[in-house]
Amino acid sequence: MAFQTYSLFVLSIIVVSFGHVENRLHLLQLQNDIDKLKADFNSSHSDVADGGPIFTEKLSGWTERNEKRIILSQIISMYLKMLENTDRSKAHVRNISEELHTLKESLSDGSKKIEDLKDLTKLQMSDLKIQRKAVNELFSVLQKLGDTSSSHKRKRRQFQRLCKC
């Protein structure tokens, strides 16, 4: 229950951080719908604060735009899953679900990337065959890392040239 109640607060952060809400009236309606959902879940209950935030704390560690899109995609999926078990006859539940579906569609699906990370953690690095494969790929991995960091430096240099600060 604490997952469901406290996480409703994060929903408004996600919607605003995406800049998806086009106008103030729409934002006010969505906030009103979220307030109704909070009432449905009794989110003012004292156990909501137990253990701290469940989403906002995780979001702070993801700083790059594409990284945030991956984690936000997963968080939105969790909200949609949570809302599947609510009373869909209520207008505010339908409105929030529709908004979340729209946001989900605007994001690339991070599920494949999450699975890739999980697969990496499962690799048995003590296995000799895995070690041989890893050594064969080491130079390519380092090249890709170099490409990524030099691309980032190049973008910074381009911005500094364009900026008339």
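Note that the structure is predicted; figures quoted are calculated from it, not measured.

Reading the values: rules and limits
- Residues numbered from 1 in each chain as written.
- Predicted model: local features only at pLDDT ≥ 70, side-chain atom pairs only at ≥ 80, totals over all residues.
- Heavy atoms only, no water.
- Salt bridge = Lys/Arg side-chain N within 4 Å of Asp/Glu carboxyl O.
- Helix = DSSP H or I, 4+ residues; strand = E, 2+ residues; numbered from the N terminus.
- Buried < 20%, exposed > 50% of the residue type's maximum accessible area, 1.4 Å probe, protein only.
- Phe/Tyr/Trp six-rings, centres within 6.5 Å; stacked < 30°, edge-to-face > 60°.
- Expected span 1.5 Å × (residues − 1).
- Arc of directions from axis to C-beta.
- Patch = residues over 30% accessible without salt bridge, like charges linked within 9 Å, V, L, I, M, F, W, Y side chains within 5 Å.
- Areas by Shrake-Rupley, 256 points an atom, 1.4 Å probe, with all protein chains shown as cover.
- Polar contact = N/O pair within 3.5 Å; in protein donor to acceptor, adjacent residues only side chain to side chain.
- Contact = heavy atoms within 4.5 Å.

Visitor: Would you take a moment to explain the pattern of salt bridges for this structure?
Guide: Going through the model one piece at a time under the given rule, you end up with three salt bridges. The closest approach of N and O atoms between Lys90 and Asp40, which form a salt bridge, is 3.4 Å. With Lys90 in the loop between α4 (65-84) and α5 (91-106) and Asp40 in helix α2 (residues 24-41), this pair connects stretches of sequence that are 50 residues apart. We classify Asp40 as partly exposed; its relative accessible area is 38%. Its salt-bridge partner being Glu115, residue Lys118 comes within 3.8 Å of it at the nearest N-O pair. With Lys118 and Glu115 both in helix α6 (residues 111-122) and three residues apart, the pair spans about one turn of that helix. Lys118 sits in the partly exposed class, given a relative accessible area of 41%. A residue is classified by how much of its surface remains accessible, and Glu115, at 38% relative accessible area, is partly exposed.

Visitor: Sorry, what's going on with the packing of aromatic side chains here?
Guide: We describe a pair of aromatic rings using the distance from one ring centre to the other and the angle between the two ring planes. Tallied over the entire structure, the rule returns one aromatic pair. Considering the side-chain rings of Phe55 and Tyr79, the 5.4 Å spacing of their centres and the 55° angle between planes classify their relative orientation as tilted. On the criterion of sequence distance, the pair formed by Phe55 in the loop between α2 and α3 (56-59) and Tyr79 in helix α4 is long-range, its members being 24 residues apart. Like Tyr79, Phe55 is buried.

Visitor: Honestly, α5 in this entry has me stumped. Any pointers?
Guide: In an α-helix there are 3.6 residues to a turn, and that puts residues three or four apart on one side. Helix length check: α5, at 16 residues, gives a terminal C-alpha distance of 23 Å against a target of 22 Å (1.5 Å per residue), a fit within 8%. Among all positions of α5, only His92, Val93, Ile96, Ser97, Glu99, Leu100 and Leu103 are buried. What you see down the axis of α5 is that its buried residues fit within an arc of 165°, all on one side.

Visitor: Where do I start with a nonpolar patch on the surface in this structure?
Guide: On the surface, Leu117, Leu120, Leu123 and Met125 cluster together into a nonpolar patch covering about 390 Å² of accessible area. Relative to the assigned elements, Leu117 resides in helix α6. Owing to a relative accessible area of 48%, Leu117 belongs among the partly exposed residues under this scheme.

Visitor: Looking at this structure, how should I read the side chain of Thr86?
Guide: With respect to the element layout, Thr86 can be found in the loop between α4 and α5. On the basis of relative accessibility, which here comes to 17%, the residue Thr86 falls in the buried class. In this structure the side chain of Thr86 is engaged in a polar contact, spanning 2.6 Å, whose partner is the backbone oxygen of Leu83. For Thr86, the residues in contact, after removing those within four places along its chain, are Phe41 and Val93.

Everything listed here is a matter of coordinates, which is why it stays silent on function.
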